[in-house]
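# Working through the structure, step by step
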Amino acid sequence: VLRAGPTGRDVGVAAALEPGALPTSAQELLPPPPPAFAAASLRALLAAPDPFAAFGLAPVGPSGAVHLANLALLLVLALAAGATARQALEPWLGADTAAWCGAATTLLLPLHPLAGASIASFEAHGVLLACALGAAASAVFLRARQVQSPLRLGAAYLLLAGSAAADRAAVVFALWIVIVEW
């Protein structure tokens, strides 16, 4: 039952991050915790005080903080994907058309039907972090190659390394950078 569907996986991740949250027999059925980098950021979110309580708003609790962090990562991912689309299309379509394509990417990515599932899932935290850092690395890399900036190129490699530390989904961005360079 615990492994059935997204809710079951979220219970498993929450239990892996907070030992003792489930009965001992149920903990034996849980999947392994997420990668170390993503798990550390989830632990920090779960241990942080509720930022909304300082403003007199309703508390969101530990799981609400993870969902808000996932929403923020999705928005950062959308901005980075829009910047990547703009940088990649500018040489072929011109600045004006590329800017419109980047804006469309930024607006449409969070509206995709799977975006809601990525916000709701604890497991998606590492993937969203990897994708946001990878998309930012792609945008910085493209700009670095267009203006011949070794400093920006180094920043792109650092972002890509952070993406690889967050989740194995970073392989897509490493391949994307190679394809774009070719």
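The structure contained in this document is the topic of the report that follows. (Residues numbered from 1 in each chain as written. Predicted model: local features only at pLDDT ≥ 70, side-chain atom pairs only at ≥ 80, totals over all residues. Heavy atoms only, no water.)

The next point concerns the side chain of Ser 163. Tracing the backbone shows Ser 163 in helix 8 (residues 150-166). In this view, Ser 163 contacts Ala 130, Leu 133, Gly 134, Ala 170 and Phe 173; residues no more than four positions away in its chain are not counted. (Helix = DSSP H or I, 4+ residues; strand = E, 2+ residues; numbered from the N terminus. Contact = heavy atoms within 4.5 Å.)

Next up on the list: a nonpolar patch on the surface. Nonpolar side chains collect at one region of the surface, where Leu 68, Leu 71 and Leu 75 lie side by side and expose about 230 Å² of accessible area between them. Given a relative accessible area of 34%, Leu 71 falls into the partly exposed group. (Patch = residues over 30% accessible without salt bridge, like charges linked within 9 Å, V, L, I, M, F, W, Y side chains within 5 Å. Areas by Shrake-Rupley, 256 points an atom, 1.4 Å probe, with all protein chains shown as cover. Salt bridge = Lys/Arg side-chain N within 4 Å of Asp/Glu carboxyl O. Buried < 20%, exposed > 50% of the residue type's maximum accessible area, 1.4 Å probe, protein only.)

By the definition in use, this model includes 1 aromatic pair. Relative to Tyr 157, the ring of Phe 141 lies with its centre 6.5 Å away and its plane at 50°, an arrangement referred to as tilted. Placement of the pair is Phe 141 in helix 7 (residues 124-147) and Tyr 157 in helix 8, with a sequence separation of 16 residues. Taking the relative accessible area as the measure of exposure, Phe 141 reaches 5% and is therefore buried. Overall, Tyr 157 belongs to the partly exposed group, its relative accessible area being 45%. (Phe/Tyr/Trp six-rings, centres within 6.5 Å; stacked < 30°, edge-to-face > 60°.)

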